[in-house]
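# Fold and contact review
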Amino acid sequence: MDLYQKLLEVCRGFRIDYEYVGFETIQMGNVNHTYKVNFLLPDGTPKSFLVQNVNTYAFRNPVGLMDNIDKVTEHIRAKKPNQLTLHFHHTPDRKTYIVDGDNFWRMTNYVPSVTFNSVTDLNVVRNAGKAFGEFQMDLADFDITRLTETIPAFHNTRKRFENLRQSIAQDRVGRVSSVREEIDYLLSVEDLACTLTDLQQKGELPLRVTHNDTKINNVLFRPEDCAAMIVIDLDTVMPGLMGHDFGDAIRFAANYVEEDCPAFEKAGVNLDVFRAFAEGFLSMTAKTMSRKEVETLALSCFVLTVELATRFLADYLDGDLYFKTKSAEHNLVRTRCQIALAKDMQKHMDEMNQIVFDCVSEAMK
Ligand code: GN1
Ligand code: MG
């Protein structure tokens, strides 16, 4: 069956009976495939839904994943009955997914909105920081034991380094000799990059419910005024550390260039963007943070950047099995860009720490 028919069948499975008009492929994320499926209501008004084919290579337990999402979205919806929140549709037997062969489908409402892959408007950045901070606070009273760890050890940086070592040892597609420099840098910062993981294992950083993929393009903004409306992509909602969400957001939003920019010498941390995001995020979270969380927040940006670099590089060495790639070198380009960013963050760590402390003091007033 072709995709045109398949998407219709999926929507019918989620009890959408409107007149089918067609679909568009949406560029969203590096892992799942996303489509906007368009219908007409009986009175002729257009109505669209977002249909996703979940990548079951990345998500080995998609049913557990949807169970997490269902619980978390319902928790937030119950708190905010009159606000726009994320909602997944159900089949007649109350499932939020349809499995057919290797495909795993789900559907949400389509929310007209704007998203950003890169932002220079500091107001927008601040709003995004607030949105992710608010997301954590909405889930502060959610019992983490109700969540399945859908990607085990997702932000276990030690484990990510082990995986990289394994990929180096296997050298499946003969690429190791061409990336010695990248390997050497990453291995040289291993201990520093594992700070959060080590502290967590010693019980010195609290586990919270975290989003774990806080790229700014996972916030939907209202087109008129760029107010943040909702946080999307809850695939990786799991127990995690506050620094995982803060660090990943900065890694993405505060970089001068996009995460896969080939001109990686231009990569670096924009401290104005860093400050704006920190202001928004900490205005929501500072009062609940431990001293250790505050002290490691700036460092978490470096940690998440290096961690992702190890993942991109390992995938490059494995032959590009995990991340969607647009060219043979895409994962290598991503790796280099993350390494350049990490190096720049090391240079600016004192300033980043100072900004965090300033924002925390401001939020405590
Ligand atoms: C993946 O597919 P997307 O864009 O939501 C990845 C994140 C990475 C990100 C890098 C489940 O996210 O961890 O930070 O790519 N998600 C998963 O762009 O591995
Ligand atoms: Mg994601």
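The paragraphs below set out a description of the structure included in this document. (Residues numbered from 1 in each chain as written. Chains lettered and ligands numbered in written order. Predicted model: local features only at pLDDT ≥ 70, side-chain atom pairs only at ≥ 80, totals over all residues. Heavy atoms only, no water.)

Once that is clear, we can look at the overall build of the protein chain. Per the secondary structure count, the protein chain includes 13 helices and nine strands. Relative to a compact globule of 365 residues, whose C-alpha radius of gyration would be 21 Å, the protein chain shows 21 Å and is just as compact. Expressed along its principal axes, the backbone C-alpha trace of the protein chain runs to roughly 60 × 55 × 40 Å. For the protein chain, long-range pairs separated by at least 24 residues make up 74% of all intrachain contacts whose partners lie at least 6 apart in sequence. As displayed, the protein chain has an accessible area near 16,100 Å², and 49% of this comes from carbon and sulfur atoms. Across the protein chain, the centroid of the 41 positively charged side chains sits 2 Å from that of the 52 negatively charged ones. (Helix = DSSP H or I, 4+ residues; strand = E, 2+ residues; numbered from the N terminus. Rg over C-alpha atoms; globule rule 2.2 N^0.38 Å. Contact = heavy atoms within 4.5 Å. Areas by Shrake-Rupley, 256 points an atom, 1.4 Å probe, with all protein chains shown as cover. Lys, Arg positive; Asp, Glu negative; His and termini not counted. Charge placed at Lys NZ, Arg CZ, Asp CG, Glu CD.)

Lining the immediate environment of ligand 1, one finds 17 residues, of which N30, D213, K215, E259 and Y322 sit closest. In the model, an oxygen atom of ligand 1 is placed 2.6 Å from a nitrogen or oxygen of the N30 side chain. Calculation on ligand 1 without its partners gives an accessible area of 440 Å², and the protein chains cover 95% of this total. In terms of residue count, the dominant contributor to the shell around ligand 1 is helix α11 (residues 297-318) (three residues). The residue makeup of the shell around ligand 1, split by class, is eight nonpolar, three polar and six charged. (Near = heavy atom within 4 Å. Polar contact = N/O pair within 3.5 Å; in protein donor to acceptor, adjacent residues only side chain to side chain. Nonpolar A, V, L, I, M, F, W, Y, C, P; charged D, E, K, R; others polar.)

D213 (OD) and D233 (OD) make up the full set of protein donors to the magnesium ion (ligand 2), lying at 1.9 to 2.0 Å. Of this pair, D213 sits in the loop between β6 (208-210) and β7 (219-221) while D233 sits in the loop between β8 (228-231) and β9 (238-240); the two residues are 20 residues apart in sequence, bridging distant segments of the chain. Residue D233 is classed as partly exposed on the basis of its relative accessible area of 22%. (Donors = N, O, S within 2.8 Å, 3.2 Å for Na, K, Ca; no water. Buried < 20%, exposed > 50% of the residue type's maximum accessible area, 1.4 Å probe, protein only.)

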